[in-house]
Amino acid sequence: MNRKGRILLVFALVAVVGMAFRVSWNALRDIAGAVGADETAATLYPFVVDGLMALALVATLVLIDRDRSFALKVLGTYTAASLVLNYVHGLVPALHGRGVDWGRLADWDPANWALVLLATSLPVGSIYFGSDLVAKVLHHRPAPIPAPDANAEESTKTEMIRSTADLPESTPAPAAVSVVRVPDPVPVDLGKSALPLKPVPTLAPVESTPARSAAARSVAAESTRPPRATYRVPDAAKTSRTRRTPEQLMDEARTLTADWPDGKVTAEGIRRALRTSPVNARKLRDAVLAERAA
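Description of the side chain of histidine 89
Part 1 of the argument: Among the secondary structure elements, histidine 89 is positioned in helix H3 (residues 65-91).
Part 2 of the argument: Engagement of the side chain of histidine 89 in a polar contact is seen with the side chain of aspartate 30, the distance being 2.7 Å.

Written as structure tokens, this is what we have:
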């Protein structure tokens, strides 16, 4: 609702309350005169009852929580009391001309005592409850309104983007990698034949299961081979191998390649057959081919 509409609503409420007060004013004034109030007190009596109702209504709009509940209780109590007194005024026509006995509002004594107690206690209650409501309103501190955050909408969008629930599909689990240990390189002596390497069995890839944790999936599978010795092997423990001379290697190469065609006489083929070094294999190849060419 805009500001103009609110102002019109407040003025309409004030007009309705004013007219209702004027209608109730005659009844409360006659009741006050019947319980012993003079002309001035009887004139002010409606302001005491209905005026506290207006004060309680304003306090209800301002206060919160328990204080607001208290203001509503005061408003309801005085509204009910004003209704009862107006009802009695309508039932006893003699009150209009003040023709009843002083302090007599009903023929039945218990009802008369209750009505007189109600009419005379309302001014005292107005002093007590009115002071309490005014004190509560003056000491009320409204909660500060937080300033709008310019980055609130951007932060919300960022959180939505980061949320995994908004992704079309979950992030795939990291694939397990099979690690194969290879033997360390061994320097080759020109005069010694190289020993063939033993075949290393390849481990099958480890299948990942959903029940494994992220830490278990990230650990690579290790080889089942026993760990290699990192210390130096003594010479006495090494296997003794005979060292062939170049002449012996040449004789073996002639014998081995006697039935080989020229295209098959390669350094790699001689190296594998004689189990020698690549350098020696190239020398033997050149020598064999040179002999055939001669």
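Having put the structure on the table, let's press on.
So, helix H8 (residues 267-274)
Part 1 of the argument: All buried positions along H8 are accounted for by Ala267, Ile270 and Leu274. Along the axis of H8, the buried residues cluster in a sector spanning 65 degrees; they form a single face.
Part 2 of the argument: On its buried face, H8 sits against helix H7 (246-256) and helix H9 (278-293).
Part 3 of the argument: At the C-terminal side of H8, arginine 275 shows a positive phi close to 55 degrees.

As for the packing of aromatic side chains
Part 1 of the argument: Taken as a whole, this structure holds two aromatic pairs when the rule is applied.
Part 2 of the argument: Here phenylalanine 70 and phenylalanine 129 contribute two aromatic rings whose centre-to-centre distance is 6.1 Å and whose plane-to-plane angle is 50 degrees, an arrangement assigned as tilted. Pair noted here: phenylalanine 70 is in helix H3 and phenylalanine 129 is in helix H4 (residues 109-138), with a separation of 59 residues, a long-range link.
Part 3 of the argument: According to the relative accessible area criterion, phenylalanine 70 is partly exposed, its value standing at 22%.
Part 4 of the argument: Judged by centre distance (5.1 Å) and plane angle (75 degrees), the rings of tyrosine 128 and phenylalanine 129 are edge-to-face.
Part 5 of the argument: Relative accessible area serves as the criterion here: at 55%, tyrosine 128 is assigned to the exposed category.
Part 6 of the argument: Residue classification places phenylalanine 129 among the partly exposed residues on the basis of a relative accessible area of 27%.
Part 7 of the argument: Aromatic rings pair up to connect Phe70, Tyr128 and Phe129 into one cluster.
Part 8 of the argument: One residue, lysine 136, lies across the ring of phenylalanine 70, its end atom 5.6 Å from the ring centre.

About the cut-offs
- Residues numbered from 1 in each chain as written.
- Predicted model: local features only at pLDDT ≥ 70, side-chain atom pairs only at ≥ 80, totals over all residues.
- Heavy atoms only, no water.
- Helix = DSSP H or I, 4+ residues; strand = E, 2+ residues; numbered from the N terminus.
- Polar contact = N/O pair within 3.5 Å; in protein donor to acceptor, adjacent residues only side chain to side chain.
- Buried < 20%, exposed > 50% of the residue type's maximum accessible area, 1.4 Å probe, protein only.
- Arc of directions from axis to C-beta.
- Contact = heavy atoms within 4.5 Å.
- Phe/Tyr/Trp six-rings, centres within 6.5 Å; stacked < 30°, edge-to-face > 60°.
- Lys NZ or Arg CZ within 6 Å of the ring centre and 35° of its normal.

All we've got here are geometric facts, nothing functional implied.
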